[in-house]
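# Fold and geometry: a report
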10 protein chains.
Amino acid sequence: MSDPTSSVLEVFENPFPNRSYTIDTVCPEFTSMCPMTGQPDFGTLTISYIPDQHCFELKSLKLYLLQYRNHGAFYENVTNTILDDLVSVTKPKWMKIEAAFTPRGGIRTTVIVEHPN
Amino acid sequence: MSDPTSSVLEVFENPFPNRSYTIDTVCPEFTSMCPMTGQPDFGTLTISYIPDQHCFELKSLKLYLLQYRNHGAFYENVTNTILDDLVSVTKPKWMKIEAAFTPRGGIRTTVIVEHPN
Amino acid sequence: MSDPTSSVLEVFENPFPNRSYTIDTVCPEFTSMCPMTGQPDFGTLTISYIPDQHCFELKSLKLYLLQYRNHGAFYENVTNTILDDLVSVTKPKWMKIEAAFTPRGGIRTTVIVEHPN
Amino acid sequence: MSDPTSSVLEVFENPFPNRSYTIDTVCPEFTSMCPMTGQPDFGTLTISYIPDQHCFELKSLKLYLLQYRNHGAFYENVTNTILDDLVSVTKPKWMKIEAAFTPRGGIRTTVIVEHPN
Amino acid sequence: MSDPTSSVLEVFENPFPNRSYTIDTVCPEFTSMCPMTGQPDFGTLTISYIPDQHCFELKSLKLYLLQYRNHGAFYENVTNTILDDLVSVTKPKWMKIEAAFTPRGGIRTTVIVEHPN
Amino acid sequence: MSDPTSSVLEVFENPFPNRSYTIDTVCPEFTSMCPMTGQPDFGTLTISYIPDQHCFELKSLKLYLLQYRNHGAFYENVTNTILDDLVSVTKPKWMKIEAAFTPRGGIRTTVIVEHPN
Amino acid sequence: MSDPTSSVLEVFENPFPNRSYTIDTVCPEFTSMCPMTGQPDFGTLTISYIPDQHCFELKSLKLYLLQYRNHGAFYENVTNTILDDLVSVTKPKWMKIEAAFTPRGGIRTTVIVEHPN
Amino acid sequence: MSDPTSSVLEVFENPFPNRSYTIDTVCPEFTSMCPMTGQPDFGTLTISYIPDQHCFELKSLKLYLLQYRNHGAFYENVTNTILDDLVSVTKPKWMKIEAAFTPRGGIRTTVIVEHPN
Amino acid sequence: MSDPTSSVLEVFENPFPNRSYTIDTVCPEFTSMCPMTGQPDFGTLTISYIPDQHCFELKSLKLYLLQYRNHGAFYENVTNTILDDLVSVTKPKWMKIEAAFTPRGGIRTTVIVEHPN
Amino acid sequence: MSDPTSSVLEVFENPFPNRSYTIDTVCPEFTSMCPMTGQPDFGTLTISYIPDQHCFELKSLKLYLLQYRNHGAFYENVTNTILDDLVSVTKPKWMKIEAAFTPRGGIRTTVIVEHPN
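Please read all numbers here as calculations on a predicted model, not as lab measurements. (Residues numbered from 1 in each chain as written. Chains lettered and ligands numbered in written order. Predicted model: local features only at pLDDT ≥ 70, side-chain atom pairs only at ≥ 80, totals over all residues.)

### Section: the overall build of chain A
Across its full length, chain A holds two helices and six strands. For chain A, the succession of helices and strands along the chain, N to C, is β-β-β-β-α-α-β-β. The C-alpha radius of gyration computed for chain A amounts to 14 Å, which stays within 12% of the reference 13 Å derived for 117 residues, consistent with globular compactness. The C-alpha extent of chain A, read off along each of the three principal axes, is 45 × 30 × 20 Å. By the burial criterion, 35% of the 117 residues in chain A qualify as buried. Considering only contacts within chain A whose residues lie at least 6 apart along the sequence, 75% involve residues at least 24 apart. (Helix = DSSP H or I, 4+ residues; strand = E, 2+ residues; numbered from the N terminus. Rg over C-alpha atoms; globule rule 2.2 N^0.38 Å. Buried ≥ 20, exposed ≤ 12 C-beta atoms within 10 Å, placed from the backbone. Contact = placed C-beta atoms within 7 Å.)

### A few points about the pairing of strand β2 (residues 22–33) of chain E
Relative to β2(E), strand β6 (residues 108–115) of chain D runs antiparallel, the two being bridged by five bridges. The residue of β2(E) that forms the bridge with T109(D) is T25(E). Where β2(E) and strand β3 (residues 40–50) of chain E come together, nine bridges link them in antiparallel fashion. Counterpart to M33(E) in the pairing with β3(E) is P40(E). The antiparallel hairpin formed by β2(E) and β3(E) contains six residues in its connecting segment, where G38(E) sits at a positive phi of about 75°. (Pairing = 2+ DSSP bridges.)

### Points about the pairing of β3(E)
Residue and element names in this part refer to chain E. Because side chains alternate across β3, one face comprises the buried residues D41, G43, L45, I47 and Y49, and the other comprises P40, F42, T44, T46, S48 and I50, none of which is buried. Pairing of β3 with strand β5 (residues 94–101) involves eight bridges; the strand directions are antiparallel. What sits directly across from I50, in β5, is W94.

### Comments concerning the interface of chain J and chain A
At the junction of the two partners, chain J supplies 17 residues and chain A supplies 14 residues. Counting only elements with at least two residues in the side of chain J that touches chain A, the list comes to β2 (22–33) and α1 (58–66) of chain J. Broken down by class, the residue content of the side of chain J that touches chain A amounts to nine nonpolar, three polar and five charged. (Nonpolar A, V, L, I, M, F, W, Y, C, P; charged D, E, K, R; others polar.)

### Some words on the interface of chain D and chain B
On the chain B side, the residues contacting the seven residues of chain D number seven residues. Elements with a contribution of two residues or more to the side of chain D that touches chain B: β2 (22–33) and β3 (40–50) of chain D. Taken together, the residues of the side of chain D that touches chain B sort by class into three nonpolar, two polar and two charged.

### Description of the relation of the copies chain J and chain A
Rotating chain J by 72° and translating it 0.0 Å along the rotation axis places it on chain A, where the RMSD comes to 0.0 Å. Put plainly, the chains are arranged around a five-fold axis. (Least-squares fit on C-alpha atoms with pLDDT ≥ 70 in both.)

### A look at the arrangement of the chains
In this assembly chain C lies apart from chain H, the nearest approach of their C-alpha atoms being 33 Å. With no contact between them, chain B and chain J keep their nearest C-alpha atoms 23 Å apart.

### Describing unusual backbone geometry
Of note, the amide linkage connecting H115(B) to P116(B) takes the cis form, showing an omega dihedral of -5°. Looking at the secondary structure, you find P116(B) in the segment after β6 (108–115). Even without being glycine, K91(A) reaches a positive phi, approximately 45°. Relative to the assigned elements, K91(A) resides in the loop between α2 (75–90) and β5 (94–101).

### Looking at α1(J)
All names here are of chain J. Buried within α1 we find L61, Y64 and L65. Along the axis of α1, the buried residues cluster in a sector spanning 95°; they form a single face. Among the structural elements, β2 and β4 (54–56) are those in contact with the buried residues of α1. (Arc of directions from axis to C-beta.)

### A short note on the relation of the copies chain D and chain B
Each of the two chain copies can be generated from the other by rotation about an axis followed by a shift along it. Least-squares fitting of chain D to chain B yields an RMSD of 0.0 Å, with the transformation described by 0.0 Å of translation along the axis and a rotation of 180°. Taken together, the rotation angle and the small translation identify this as a two-fold axis. Of the interface residues in chain D, 100% have counterparts in chain B that sit at the interface too, so the contact is made through matching surfaces.

### Details of the environment of I112(A)
Here I112(A) is to be found in strand β6 (residues 108–115). Judged by the 17 C-beta atoms lying within 10 Å of it, I112(A) falls in the partly exposed class. Considered as a pair, I112(A) and N80(A) are 32 residues apart in the sequence and their alpha carbons are 8.8 Å apart. Every residue in contact with I112(A), bar those within four places of it in the chain, is listed here: E98(A), Y21(J) and T22(J).

### Let's talk about the environment of E57(B)
Residue and element names in this part refer to chain B. Tracing the sequence through the fold places E57 in the loop between β4 (54–56) and α1 (58–66). Owing to 15 C-beta atoms within 10 Å, E57 belongs among the partly exposed residues under this scheme. When the C-alpha positions of E57 and V11 are compared, they lie 5.2 Å apart, and in sequence the two are 46 residues distant. With near-sequence residues (within four places) excluded, E57 lies in contact with E10, V11 and F12.

### Examining the environment of I23(B)
Residues and elements named next belong to chain B. Along the polypeptide, I23 turns up in strand β2 (residues 22–33). Judged by C-beta crowding, with 23 C-beta atoms within 10 Å, I23 ranks as buried. For the pair I23 and H115, spaced 92 residues apart in the sequence, the C-alpha separation amounts to 15 Å.

### Observations concerning helix α2 (residues 75–90) of chain J
Residues and elements named next belong to chain J. With 16 residues, α2 should cover 22 Å at 1.5 Å per step; its first-to-last C-alpha distance of 23 Å lies within 8% of that length. Those residues of α2 lying buried are Y75, E76, V78, T79, N80, I82, L83, L86 and T90. Of the residues trailing α2, K91 is marked for its positive phi of about 45°. (Expected span 1.5 Å × (residues − 1).)

### Digging into the confidence of the model for chain A
Looking at chain A as a whole, the pLDDT averages 96, with 99% of positions reaching at least 70. Here the predicted complex scores 0.95 on pTM and 0.94 on ipTM. (pLDDT = per-residue confidence, 0-100.)

Encoded structure:
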């Protein structure tokens, strides 16, 4: 399977561009593969942003994230890359992603990234 | 069914206009229709405000929200429009609406709008 | 039944008046009557304050609140009036009341008042 | 709007008809109208059954329940009628419906019906 | 205030008398007075029954319970009396009441009565 | 301090002796002393019973339990002794006590005794 | 990807075959594909069994379940097939699987299968 | 470190041998080593029993369980062995152990053993 | 019993005096006597502090708090006195005590004191 | 067993060194020995940091923490030492450790340390 691409992400025009408001989107069914062990990782992504001219469309977000299902990547890479992709497509005033992964070896990791930074 | 109208909203005089205080109103039974699929959306609206000269009357708020039951609208539009309607009728010192919609396709969205902004 | 009166409220001397500290008092069994429908309202009052020279006595607080049991009053009036009464009797450095009423018509309301304001 | 009809319900062949097993389906977004007040009722339906030759199809169940959105009916009628409709279409070995409605007037009602009885 | 009377209780015809099914009704806002101290008691009544020819009407149940608001009675008396009143009016196949009172003196009491017994 | 005595326990006449019903009493503030270490033990007693001719009076129960505050006794002894005392005074049709003690050394113990047995 | 095969399942000898005891195994990270939409399904499998001569090995169970990651199958098929595979390999005295899938379209489904039946 | 031995377990005389009653003991800090990986396992043991002539002493139970800290053993072996040891020392009328281990590889296992069986 | 004395409190040298860090200590088993009614009060003390040269030793803290078991004192006095005692003995950079008492007469009180103030 | 050493800790290059972001790692299975009593202590470590050039590798973190399993150390020493070791190896922009230990003698302690300080 080829690398995840942001080209599947679609946006729509922010209907209230003059007001700064926040959209929180929680995706509890994110899954990718560990590049070391080939085992699946599971996690919950919480994406918060203040849209400028565009909002991302939820069905396309789902398709975008689905690309990670059989893609090998470390936690820090996954989270930062998704932020970069979403920022480049929606150009928000502000965006934050919290990626809370389920425990591995009894240890639970959450990565929190923000734009601008 | 015609579009929701703010004309059903009624207000009463703020009994303590000299004190800045906060009223939180939680409406867990909000429902509207998705304009794309024709399927119902469900959500919880939390309306917080500091009244100035007027407070909104709860029964009229319920009637106002009931108009969205068979009305098709996207999350961002619904939330911003309700804020605009409530602000225009009650002219509060400050108002915030958090609209937490139930999951669709495994994804949960919350829209948070504030006035002034 | 006559109107609630603050005259039943008793205070005692703050034993540590030189230290600014906070007392939180939670009264989950507050009940009054809706002046429109004659139906009972129920709620939880959370009273927080920094005492100056006096603290209110809990048994007298209970008697004071008991006066609202058959008294008709709207949420905003009840909460602001209780704050005014408690402030006039205890003259605190600071006081806040959060009155969280149980749902009516599927809608839940909380009123938050503070002194000074 | 005409009365809800079971004709929208679709079934598929039970893939394991020789084993008695249970399917629980929870629908937390059920809503109908109170025939007295014209106000919406909300509830969670939990449908449990042991299929015989057929299982009901979930998308058609959703369409079936959607018919109650603007239909006026009392709790006891709604729950018994849905059981009758689902039984007539799927002919299960056993079926139970628990309909837990959200509070009205501070009172919460749950209706539990079972077939055969 | 005179004693609570079952005469305010209204019933309606059980729409499905041939099926034995259960109705659970939870009333979390029950309050009466302690006959010893004159202080209010609070509790949650859970009424479960299998109707025969009649169901009790919820608004009349609320009015019936409201009569206990200023009525002095012990836990055991209240619970057994309410069961007797509801049984005499609805003549159910079976009925159970669980009355869970809020703590007094750090002690929490629940009374559970059943008919027939 | 002398040994706890059941003589402080008071009863009142069961107002509905012809119906078998259950009274649950939860006492989350029970405390006694460990006879080995002299350290306090804490626990929650849940007393359930079907009264025959008498019910125990709650204030006297509280006084009775208060006697254990400075009394040294092991978990098993405390629980069985309280059951024996309550049974001898109230002569119930059935009684059960669950005594859930707070953790000691990372280990949590609950003793459950029943009469008749 | 080829169909899931039970050949990856490994067993070890039950160390206490003379005692009937129960092993519960919860797998909250099960995922398969919906054969209709091509979208992923997520669920929690709870496998309970009384082993006879063999227990299944957990790492091989994980590999076995991993085969469903890109396999299209309906809820009822998945659950019954996994039961059949585990039964054929471990030959337990008794086994039950509860498969609780995450909501789709606002509806949550759990399938419960048991052997023998 | 040598193998765990039941010789450290101490008992005391059951003070109420004529009454059949239950003692539940929860040990949330059990830990042993996986014999395959050398990694620690963690779990919560819940030991329930009806004592006959003897009860086990809690401090000695703690010492007994502490022996597993650096001992390699599989879940099924650990749980059955602890049951055998506790039964041989206390000779109870009945005993059950539930050993709930923390997740490994995203999979959570509980072993439940009972005596007699 | 004589008054509680801080002389039983023992300290040890802060092993990392050059780093400002926080120690939170939660004591859920605090109990004292009400000086008015002679009835026991129960509460949870949460002691947070930034140590300077000394930390308090936990066993001695327990002995110190145990002195309040049969000591009559009001909530405000108890909390402020414990703060004064702990501050005088450990001389911390900062300390805060939250004393959350269990409900009396349906009212729950928490006292929060801080040093310096 | 020799003292814990930071030499087992491994790092990898921060893949996004130009963005300041946060990594939270929760280790609920930490255990060490009390140097006074020889009894095991249990706790949950929450390590939060903003990486600079390096991130710590999770498997090596687990090995590092495993060294404390049979090592005697007080709460304050353990927490500060782990912070010093992790800081020296990863040289983060910021790091915080919260070590929440399970209750001993009914008292629960949490130590919170931060770098820089």
